[in-house]
There are 2 protein chains.
Amino acid sequence: MDHQLFVKMALQGWNTQVTRAEKYFNALSEADFQKTVAPGKNRIIYLYGHLTSYHGLLSETLGLGQAMYPELAPVFLRTPDGPLVNAYPVEKLREYWHEVHDRLTELFNALPAEDWFKRHNAMTDEDFANDPTRNRLSVLLSRTNHIAYHFGQLVLV
Amino acid sequence: MDHQLFVKMALQGWNTQVTRAEKYFNALSEADFQKTVAPGKNRIIYLYGHLTSYHGLLSETLGLGQAMYPELAPVFLRTPDGPLVNAYPVEKLREYWHEVHDRLTELFNALPAEDWFKRHNAMTDEDFANDPTRNRLSVLLSRTNHIAYHFGQLVLV
């Protein structure tokens, strides 16, 4: 029960942030995606790809399955906004966004509450023994904050 | 144990966001506080007061004590950035920020883990019975996302 309650709270937070970002992106025109969040800063299309890419890797980070669209990482995670982004039109990213989040929803709903408290793939068993807060759920909380961070930028446009 | 683990995770998230924001604000010059996060958007000083005000109310929202500096709310929560802010010089807000967060740390550390799962003051017993995820801890998670949201804006400056 307790496990379930906390997982439910964390998933609610995640879903709130994803839904809010998705609504924002879905309401934009093609031209809007070329706008920057502030002069000289990231374009909206970059942040769209950035969140899609980071969330696509989440299935692997959590040890729930293969990463989705890992080819986005060099462009949207490891490189700042620039000409590489042009290989990804909005329609393609939109498709990826929906596939990534639909798949995560499936995986998250299928995961028993207690499994959220197991270690994630980005750490060793030893580290986890020393700090059991570094579990799958802590990754989800951190990614939830990460969406909020960028959403705060998107609303400035 | 489980309660404690959840609470520890949520508090780690809160502390990470507060510390990150605090370091940012502490490194600014007086003149920096007058900069806007984007053209025509909030000044840094407004966001400093905004977070201080919102967090000052948290003790009351959580039912842990009186609100701190509720007089900030009309200026920093219920009104957009504008001339009212000038009544609060940076040094005053800095003092408030530290008092608010020191007090919250005391209150949070003193709260038994299971009490985080009780309802917060902004809802009725009936509502809580219908949805036990709406507890104190969910307020903390939400405020943590709120800091991340504004921190994403602050780093644009």
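Residues numbered from 1 in each chain as written. Chains lettered and ligands numbered in written order. Predicted model: local features only at pLDDT ≥ 70, side-chain atom pairs only at ≥ 80, totals over all residues. Heavy atoms only, no water.

The name that an unreviewed UniProt entry assigns to chain A is DinB family protein, with the source organism given as Mucilaginibacter gilvus.

Focus on the packing of helix α1 (residues 2-26) of chain A against helix α7 (residues 136-154) of chain A
Residues and elements named next belong to chain A. At a closest axis distance of 9 Å, the pairing of α1 and α7 adopts a crossing angle of 30 degrees. On the basis of their axis angle, the class for α1 and α7 is roughly parallel. Handedness of the α1/α7 crossing: left-handed. Between α1, through Phe6, Val7, Ala10, Leu11, Gly13, Trp14, Gln17, Val18, Arg20, Ala21, Tyr24 and Phe25, and α7, the contact on the second element is made entirely by Leu137, Leu140, Leu141, Arg143, Thr144, Ile147, Ala148, Phe151 and Leu154. Considered class by class, the residues forming the contact of α1 with α7 number 16 nonpolar, three polar and two charged. (Axes fitted to C-alpha atoms, helices over the stretch in contact; angles between N-to-C directions. Helix = DSSP H or I, 4+ residues; strand = E, 2+ residues; numbered from the N terminus. Parallel < 35°, antiparallel > 145°, perpendicular 65-115°, else oblique. Left-handed = near helix turned anticlockwise from the far one by under 90°. Contact = heavy atoms within 4.5 Å. Nonpolar A, V, L, I, M, F, W, Y, C, P; charged D, E, K, R; others polar.)

Describing the nonpolar core
Residues Phe25, Phe108 and Trp116 of chain A together with Phe25, Phe108, Trp116 and Leu137 of chain B are the most contacted members of the largest nonpolar core, which totals 106 residues. Once residues lying within four places of it in the same chain are set aside, the contact partners of Phe108 of chain A are Leu11, Trp14, Leu58, Leu62, Leu64, Trp116 and Leu140 of chain A. (Core = buried A, V, L, I, M, F, W, Y, C linked by side-chain atoms within 4.5 Å. Buried < 20%, exposed > 50% of the residue type's maximum accessible area, 1.4 Å probe, protein only.)

Here we look at the packing of aromatic side chains
What the rule picks out here adds up to 29 aromatic pairs over all chains. Centroid distance Phe6 of chain A to Phe6 of chain B: 4.5 Å. Interplanar angle 5 degrees. Geometry classified as stacked. Remark: Phe6 of chain B occurs in helix α1 (residues 2-26) and Phe6 of chain A occurs in helix α1; the pair is interchain, linking two chains. According to the relative accessible area criterion, Phe6 of chain A is buried, its value standing at 1%. With 5.4 Å between their ring centres and 70 degrees between their planes, Phe25 of chain A and Trp97 of chain A make a pair best called edge-to-face. With Phe25 of chain A in helix α1 and Trp97 of chain A in helix α5 (residues 90-110), this pair connects stretches of sequence that are 72 residues apart. Residue Phe25 of chain A is classed as buried on the basis of its relative accessible area, which comes to 0%. Residue classification places Trp97 of chain A among the buried residues on the basis of a relative accessible area of 1%. (Phe/Tyr/Trp six-rings, centres within 6.5 Å; stacked < 30°, edge-to-face > 60°.)

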